[in-house]
Amino acid sequence: MRFLLTAMALPFSVDVPDAGTAAAAPGGEQVREAVARAFAVIRVAERRFSRHLPDSELSRLDRAELRLHDASPELLEVLTVAETFAQASGGAFGVERPDGHLDLDGVVKGWAAQRAADALAAAGVERFCLNAGGDVVVQGGRAPGVPWQVGVRSPWSTAETLVVLPVHDGAVATSGSYERGAHVRDARTGAPATALVSATVVADDLVTADVAVTTVVALGEDGVAWAQDELGCGVLALRADGTVVRSGLGLAHPA
Amino acid sequence: MTGPWRGSALFVGVAAVIGAAAAARFAAAEDAAPAMADAPSSETTTSGSSDSSSPSASSSADDTDSSTPSSTSTASSDDSAGSDDTEETVVGSTSSTPYGSVQVSVTFKGTTITKVDVLQAPNDQQSDGATPTLASEVVEAQSAKVDTVSGATYTSEAYLESVQYAIDHR
């Protein structure tokens, strides 16, 4: 069964393999309810964290109309995650834009999508593939013991796949300058990061994968070793000249 | 650059062209992919084989934000849809690798790739041995079809052109 949602101006899709003959697998109605809950999680996160909604909690915090003391647990959680990664990346990852405004986009999409995936699992859907505008959370494999095949988009063409990563459980996030230009900045200097045209991180959860991949791009080539050493993630990155840097992916075929 | 990287670039080129050929072949086979922009608002639906109910998502009757949280869904009838036994060969686009151009033709029988012919490969003595092996590796690995695509955040235009869109609407 496949479900689509548009939120945060992004396509979200959920793929739940048909139950087949597995007696314990959730039925169609249960899957629909679970997905509805997961989509609700995403919508709530959007209302809370959108920079584009003037009355979102984020916007109010940014205008100092909200004290941290009064912030929701969710906002505090996201801010804590952001601060943790800012420290771990030596400041290369940050949530303050050059103009001084607060920007949690680098954390929120992954955080919301991971919470949505958690909601699916909590509602009894143990095997699914969730794609949040290019960020992926998978669980349970495509079938028992069969990993999900996660393609990585080519930076040079939307219709082409660069490599396919088999992932049974986990998260895959990709960042690059090929969609929206060099929008990732090294927060230490404020300068756009351009050494890597694309990076993909495989991690246990999407918050880690999302923040890690943003940091990898911000750090440039040093980021690949950083993500593997500091976070234990697998990384695939493309330099601007088209050559590949990879670490910790254990792929059978070379990238 | 050492030897293994040349093979890597070739494999990437071959895999990329396979992907393009497959996407082109299946996009051509689909008649009317629904346009995301025209999707009805605020409804999550599935169409199982015998199910006509359309429950709506449980939240947000109060969606007044500007990002138009419309939702649609389609069911995938998975591997059974569209598999016929006609054989069709698709010539893939030419893909550039740092070492030269790669172009393959891919033969499909139904939805299965049965053969890959390398039409162009970088003119490099180190790839001579690699080319036939890579083509056969791709055919063997082909049963591992792509379930989803990770990419930098899709703009709406890019999404509509992407492999992920094809997956979401097949």
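Here's a quick rundown of the structure. Since the structure is predicted, the reported quantities are computational estimates derived from the model, not experimental observations. (Residues numbered from 1 in each chain as written. Chains lettered and ligands numbered in written order. Predicted model: local features only at pLDDT ≥ 70, side-chain atom pairs only at ≥ 80, totals over all residues. Heavy atoms only, no water.)

Quick look at helix α3 (residues 73–88) of chain A
Residues and elements named next belong to chain A. The first and last C-alpha atoms of α3 sit 22 Å apart over 16 residues, in line with the 22 Å expected at 1.5 Å per residue. For α3, the full list of buried residues reads Leu75, Val78, Leu79, Val81, Ala82, Phe85 and Ala86. With its buried residues spanning 155° around the axis, α3 presents them on a single face. Along α3, the residues that are exposed and aim more than 90 degrees away from the buried face are Pro73 and Gln87. Looking at the buried positions of α3, the neighbouring elements they touch are α1 (28–49), α2 (57–62), α4 (105–122), α5 (206–219) and α6 (222–231). (Helix = DSSP H or I, 4+ residues; strand = E, 2+ residues; numbered from the N terminus. Expected span 1.5 Å × (residues − 1). Buried < 20%, exposed > 50% of the residue type's maximum accessible area, 1.4 Å probe, protein only. Arc of directions from axis to C-beta. Contact = heavy atoms within 4.5 Å.)

Some details on the pairing of strand β10 (residues 244–247) of chain A
Regular strands have side chains that alternate between both faces of the sheet. Both strand β9 (residues 234–239) of chain A and β10(A) contribute to a ladder of four bridges, which runs antiparallel. Residue pairing in the sheet places Ala237(A) in a bridge with Val245(A) of β10(A). (Pairing = 2+ DSSP bridges.)

Some details on the sheet that holds strand β2 (residues 10–15) of chain A
Residue and element names in this part refer to chain A. On the basis of which strands lie adjacent, the open sheet formed by eight strands has the order β1-β2-β3-β4-β7-β8-β9-β10 and antiparallel pairing. Pairing within the sheet leaves two strands with one partner each, and these edge strands are β1 (2–7) and β10. On average, each strand axis in the sheet is inclined to that of its neighbour by 10°, with strand direction left out of account. The pairing of strand β3 (residues 128–132) with strand β4 (residues 135–139) spans five bridges and is antiparallel. Residue pairing in the sheet places Leu130 in a bridge with Val137 of β4. In the packing of α5 onto the sheet, the strands contacted are β4, β7 (170–176), β8 (196–203) and β9, and the crossing angle to β8 comes to about 155°. Against the sheet, α6 engages β9 and β10, with an angle of about 175° to β9. (Axes fitted to C-alpha atoms, helices over the stretch in contact; angles between N-to-C directions.)

A word on the pattern of salt bridges
With the rule as written, the count across this model stands at 18 salt bridges over all chains. Two residues, Arg115(A) and Glu77(A), come together in a salt bridge whose shortest N-O distance is 4.0 Å. With Arg115(A) in helix α4 and Glu77(A) in helix α3, the pair connects residues that are 38 residues apart, well separated along the chain. As a salt-bridge pair, Asp147(B) and Arg142(A) come within 3.1 Å of each other at their nearest N and O atoms. Of this pair, Asp147(B) sits in the loop between α3 (130–141) and β5 (148–150) while Arg142(A) sits in the loop between β4 and β5 (148–153), placing the two residues on different chains. Classification of Arg142(A) by relative accessible area gives buried; the value is 16%. (Salt bridge = Lys/Arg side-chain N within 4 Å of Asp/Glu carboxyl O.)

Focus on the nonpolar core
All names here are of chain A. Within the largest apolar cluster, 71 residues are counted, with the highest numbers of intra-cluster contacts made by Leu104, Leu120, Leu130 and Val201. Per-element tally for this core: the top contributor is α5, with 10 residues. Excluding residues within four positions of it along the chain, Leu130 makes contact with Ser13, Val14, Ala113, Ala116, Ala117, Leu120, Asp135, Val136 and Val137. (Core = buried A, V, L, I, M, F, W, Y, C linked by side-chain atoms within 4.5 Å.)

A look at the sheet that holds strand β6 (residues 161–167) of chain A
Taking strand neighbours across the sheet as the criterion, the three strands line up as β6(A)-β5(A)-β5(B) in an open arrangement whose pairing is mixed. Strand pairing shows two members of the sheet lacking a second neighbour, β6 of chain A together with β5 of chain B, which therefore form its edges. On average, each strand axis in the sheet is inclined to that of its neighbour by 35°, with strand direction left out of account. The sheet contact formed by β5(A) and β5(B) spans three bridges and is parallel. Within the sheet, the bridge partner assigned to Gly151(A) lies in β5(B) and is Val149(B).

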